[in-house]
Amino acid sequence: MTRTPLDLLTELGQSVWLDDLSRELLAGSLSELAREDAVRGVTSNPTIFAKAMGGDSDRYDEQMRELVAAGHDVKETFLALAVADVVAACDVLRPWWDEGRGQHGWVSLEVDPNLAGDADATIAEAERIHALVDRPNLYVKVPATAAGLVAIEELIARGIRVNVTLIFSLTRYAEVAEAYLRGVERLAAAGGDPATVTSVASFFVSRVDTEADKRLEAAGADAGLQGRLAIANAKLAYQRYKEIFSGARWEALAERGANVQRCLWASTSTKDPRRSDVMYVETLIGPDTVNTMPLPTIRAFKDHGRAEPTLERDLDEARRVFELVAAAGVDYDDVCDVLERKGVESFIASYDEVLRALEARRAELSAV
């Protein structure tokens, strides 16, 4: 069989994940994408579920009738529907998880974003999701807020695998990696097996350019600086990853079987139509990484993407981009702070949207 650019990504050490999940997808194309397009994981979030459950699909109706009859409220209904989808996706991808010894085959389900500021509630919700799904290839998604950092460490220490989401800044990434390391150290100190726990750190890429570019334009900066900060940010994050997961502290854990926390590039569809539709894939290819893409980006990369090891190219230029952005008067830290806040707000809005849609559908089904 002819190798595609997606196959070459896998050979270069980058896992391709699909940033989508629905019952339509589960009914047909997910297994095909895994077999033919090297898709090795699935991510979900409230926005994805709002699209899947809030549309015209009737695939959720039968289970929803059962949940209504059992007296479940709308939040419990949503969670039950989402868990069923995630369990099914975990089962589809389980052969790749087994074959890759945990390197591939992951599916992510996010905690209620309304809990992003409450560490204890996040921990409790994550443990509940972990128990409900009950699959070894589940990642529980936790946002990288200040409260999220506390939850991440505790969950890792309890042996729960975590996809840390909504990372924007290099400083926050270092805090996320530190939370993971402390969690692994605590797990090992308590007699647990570090080899059983793993994590990914999800950088939201294109959103950095979306926010920075409008500020650069407002500042009258050279237009050639737009569309460059997000890639530079990810490249420098990967350098920090290599620094953090090396040295004596890490080697002591690695000797006991500990897994690195891979960098995951999320939000990699191109928002500006003037730019290449695969720019956030082609420029961020490197070993021990993940790129989670919506289906149109996967199709585009398969059609005309170039798979080359690019993640460590032009690092001096990446550092120079940071200098130029600062010289233009754009505050990188503020860009990242705003994006974190907006990211949580966006997920809360989507979560509320899907609950409203389910409530309306529950009423319709009850009236039949």
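Residues numbered from 1 in each chain as written. Predicted model: local features only at pLDDT ≥ 70, side-chain atom pairs only at ≥ 80, totals over all residues. Heavy atoms only, no water.

(A) Region of interest: the environment of Glu340. Along the polypeptide, Glu340 turns up in helix 16 (residues 332–367). Along the primary structure Glu340 and Ala230 are separated by 110 residues, whereas in three dimensions their C-alpha atoms are 14 Å apart. Those residues in contact with Glu340 that lie beyond four places of it in its chain are Ala144, Thr145, Phe168 and Arg172. (Helix = DSSP H or I, 4+ residues; strand = E, 2+ residues; numbered from the N terminus. Contact = heavy atoms within 4.5 Å.)

(B) A look at the side chain of Ser199. Here Ser199 lies in strand 6 (residues 199–204). What makes Ser199 buried here is its relative accessible area of 0%. At 2.7 Å, the side chain of Ser199 and the backbone oxygen of Val162 are in polar contact. Not counting residues up to four positions away in its chain, the partners in contact with Ser199 are Tyr139, Ile156, Val162, Val164, Tyr180, Val260, Gln261 and Arg262. (Buried < 20%, exposed > 50% of the residue type's maximum accessible area, 1.4 Å probe, protein only. Polar contact = N/O pair within 3.5 Å; in protein donor to acceptor, adjacent residues only side chain to side chain.)

(C) Expanded view of the environment of Tyr60. Locating Tyr60 in the fold gives a position in the loop between helix 4 (46–53) and helix 5 (61–69). C-alpha separation for the pair Tyr60 and Leu81, spaced 21 residues apart in sequence, amounts to 7.3 Å. When neighbours within four sequence positions are excluded, Tyr60 is seen to be in contact with Ser22, Arg23, Ala52, Met53, Leu81 and Asp85.

(D) Inspection of the sheet that holds strand 8 (residues 289–293) at higher detail. What the eight strands build is a closed barrel, ordered 1-2-3-4-5-6-7-8; its pairing is parallel. Strand-to-strand twist across the sheet, computed as the mean angle between neighbouring axes with direction ignored, equals 30 degrees. Judged from the four bridges that link them, strand 4 (residues 138–143) and strand 5 (residues 162–167) form a sheet pairing that is parallel. Bridge pairing links Pro143 to Thr165 in strand 5. Along the sheet face, helix 7 (residues 119–133) touches strand 3 (106–110) and strand 4 and points at about 160 degrees away from the line of strand 4. (Pairing = 2+ DSSP bridges. Axes fitted to C-alpha atoms, helices over the stretch in contact; angles between N-to-C directions.)

(E) Quick look at the packing of aromatic side chains. Scanning the entire structure with this criterion turns up 14 aromatic pairs. A ring pair is formed by Phe78 and Tyr351, whose centres lie 5.4 Å apart and whose planes are at 85 degrees; its orientation type is edge-to-face. One end of the pair, Phe78, is in helix 6 (residues 74–99); the other, Tyr351, is in helix 16, and 273 residues separate them in sequence. Here Phe78 falls in the buried class, since its relative accessible area comes to 7%. Ring plane angle 85 degrees and centroid distance 6.1 Å describe the contact between Trp97 and Trp106, whose orientation is recorded as edge-to-face. On the basis of relative accessibility, which here comes to 17%, the residue Trp97 falls in the buried class. Pairwise contacts between aromatic rings join Tyr180, Tyr238, Tyr241, Phe245 and Trp250 into one cluster. (Phe/Tyr/Trp six-rings, centres within 6.5 Å; stacked < 30°, edge-to-face > 60°.)

(F) Main features of unusual backbone geometry. Here the phi dihedral of Ala38 falls at roughly 60 degrees; this positive angle occurs in a residue that is not glycine. Of note in the backbone geometry, Arg101 takes a positive phi value of approximately 55 degrees without being a glycine. Tracing the backbone shows Arg101 in the loop between helix 6 and strand 3. Of the residues examined, Arg101 reaches a relative accessible area of 80% and is grouped as exposed.

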